[in-house]
Amino acid sequence: MAKRMEIPRISIIGLLALSIIFGWFRYGYGLLFTEFRSSFDLSASLLGVISSLTFITFLAGALMVILLVSKFGARPMILGGIFAASTGLLTAALTDSWLIFAASCLLAGFSPGLTWSSFSKSVTQHVEERVQERTLAIISTGSSVGLIFISLLYLLLDGDWRIIWGGGAVFGYLILLWAWRSVPEKNAETIGAPIKMADLRPIFTKEANPFYIASFLFGITEATYWTYAADFVQENFSITNANAVFFLITGIAGLAGLCAGDMISRLGMRMSFIVTILVYSLSIAVLYLFQGWILVCISGALFGASFMLYAAYLPIWSAKVFPNIPAQGFSICIVILNVGAIIGPAVFGWILAYSPYELIFLLLGIIGCLKVFALPVTEKA
């Protein structure tokens, strides 16, 4: 039993790092959207542009990992990502200039691309194989933990975003210090090894195609849901801070991502993925049927649980498809995911001009179900 519950240190560092990078920054941007608009007197469209640009720096960070992680290892990518997120949050919280605010968000935008796949690389290199799936699942769940805490802070501080982001920056620097002291260096025998085409060949195989399709569809659906669900809640309910309550429920349910590794061990990759896809799609499409507060909360809970399970599966799946280059393979996944994330909100925003939210959620649910045609090729992968 002791071995079963073993939790490597890198998993806690990764969980805390992603809580800042995703919970405070990535999801926090949507939660604090109204406060940003008021503080800087910006239009919703301009804030949307800034958000889209942060996905471009997200992509840039992922590409940097693909090009540099073999030579320099995962450690500098992880440290650089935590520093970018913390510095971006702090600068944004201190400035009164919307241009500096935008630049700060772009800086923080590098952090998900730099760290997410790099943690996968570090785990593959330095953690025993028997606990790698659990470790990757714990790290991915950090985004849910961050979402819970920022939602609670929003409620406690009544939306004072400068304190929320400033406090997150301080916490991020503390995590950076711990990571500096604890994240292992690159294995000595592979230091300085350049990327070879033979190493990247698995990226172009047929076995990788389902992984890429699932990543693209995930990017479209999750980014669109995160973009519009909170606004839908605010628009339809008069509950005080309804957006934060909704995000809090979503984040708490997202702790189910901790079970991803064990769920795969029990059911296998394909069956686990099918169950997650069906719950994920249902959580979105249910908003087409009825928009009562209880059902919205159920939708948020189901989405949070299935979203975090899905996010935890991706690095696990990547490590199985690309066992020798998990960081590069997963970085390609992140690039494809973010292409979907850029396309989804824009396309559905255009559709929203001609149709109600209900139709948007129905279409997203249908698109989500398409992932059943992009399953792992084998139980192993």
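Residues numbered from 1 in each chain as written. Predicted model: local features only at pLDDT ≥ 70, side-chain atom pairs only at ≥ 80, totals over all residues. Heavy atoms only, no water.

Visitor: What am I meant to see in the overall build of the chain here?
Guide: Broken down by element type, the chain carries 16 helices and 0 strands. Against the compact-globule benchmark of 21 Å for 381 residues, the chain has a radius of gyration of 19 Å, which places it among compact chains. With respect to the three principal axes, the spread of C-alpha positions in the chain is 60 × 45 × 40 Å. Relative to its full complement of 381 residues, the chain shows a buried share of 57%. Summing over all exposed atoms, the chain offers an accessible surface of approximately 15400 Å²; the carbon and sulfur share of this is 69%. Of the side-chain charges in the chain, 21 are positive and 19 negative, and the distance between the mean point of each set is 12 Å. (Helix = DSSP H or I, 4+ residues; strand = E, 2+ residues; numbered from the N terminus. Rg over C-alpha atoms; globule rule 2.2 N^0.38 Å. Buried < 20%, exposed > 50% of the residue type's maximum accessible area, 1.4 Å probe, protein only. Areas by Shrake-Rupley, 256 points an atom, 1.4 Å probe, with all protein chains shown as cover. Lys, Arg positive; Asp, Glu negative; His and termini not counted. Charge placed at Lys NZ, Arg CZ, Asp CG, Glu CD.)

Visitor: What is the right way to read helix 11 (residues 242-253) from this model?
Guide: Quick reminder: α-helices carry 3.6 residues per turn. Residues three or four places apart thus point the same way. The first and last C-alpha atoms of helix 11 sit 17 Å apart over 12 residues, in line with the 16 Å expected at 1.5 Å per residue. For helix 11, the tally of buried residues reaches 9 of 12 residues, placing the bulk of the element in the interior. Of all the residues in helix 11, the buried ones are Ala242, Asn243, Ala244, Phe246, Phe247, Leu248, Thr250, Gly251 and Ala253. Buried residues along helix 11 sit in contact with helix 1 (9-31), helix 7 (142-157), helix 10 (209-236) and helix 14 (293-321). (Expected span 1.5 Å × (residues − 1). Contact = heavy atoms within 4.5 Å.)

Visitor: Which parts of the structure should I look at to understand a nonpolar patch on the surface?
Guide: Where nonpolar side chains cluster on the molecular surface, the patch consists of Val49, Leu53, Ile56 and Ile342 and spans about 300 Å² of accessible area. No other element matches the 3 residues that helix 3 (residues 44-72) contributes to the nonpolar patch. Structurally, the position occupied by Val49 is in helix 3. (Patch = residues over 30% accessible without salt bridge, like charges linked within 9 Å, V, L, I, M, F, W, Y side chains within 5 Å. Salt bridge = Lys/Arg side-chain N within 4 Å of Asp/Glu carboxyl O.)

Visitor: Help me out: how do you make sense of unusual backbone geometry in this one?
Guide: Excluding glycine, most residues fall at negative phi; most peptide bonds, likewise, are trans. Of note in this structure, Asp41 is not a glycine but carries a positive phi near 55°. With respect to the secondary-structure elements, Asp41 resides in the loop between helix 2 (33-40) and helix 3. Given a relative accessible area of 70%, Asp41 falls into the exposed group. Even without glycine at this site, Asn241 takes up a positive phi of about 50°.

Visitor: Just checking my understanding: could you explain the layout of surface pockets for this structure?
Guide: Remark: the empty space left among the atoms is shown by a probe the size of a water molecule rolled over them. Looking at the largest pocket, its volume works out to about 950 Å³. Lining the largest pocket we find 41 residues, and of these Gly30, Ser51, Ala223, Trp226 and Thr227 sit closest to its centre. Elements that contribute at least two residues to the lining of the largest pocket include exactly helix 1, helix 2, helix 3, helix 10, helix 11, helix 14 and helix 15 (326-352). Considering every element that reaches the lining of the largest pocket, the biggest residue donor is helix 10, with 9 residues. Classifying every residue of the lining of the largest pocket gives 26 nonpolar, 11 polar and 4 charged. (1 Å grid on protein atoms, 1.4 Å probe; cavity = no way out; pocket = protein on both sides within 12 Å on 5 of 7 lines; lining within 4 Å. Points joined across faces, edges and corners; volume = space filled by probe spheres on them. Nonpolar A, V, L, I, M, F, W, Y, C, P; charged D, E, K, R; others polar.)

Visitor: Which parts of the structure should I look at to understand the side chain of Thr87?
Guide: As for its position among the elements, Thr87 is in helix 4 (residues 74-94). Looking at Thr87, its side chain comes within polar contact range of the side chain of Tyr173, at 2.9 Å. Once you skip the residues sitting within four places of it in the chain, Thr87 turns out to touch Leu107 and Tyr173. (Polar contact = N/O pair within 3.5 Å; in protein donor to acceptor, adjacent residues only side chain to side chain.)

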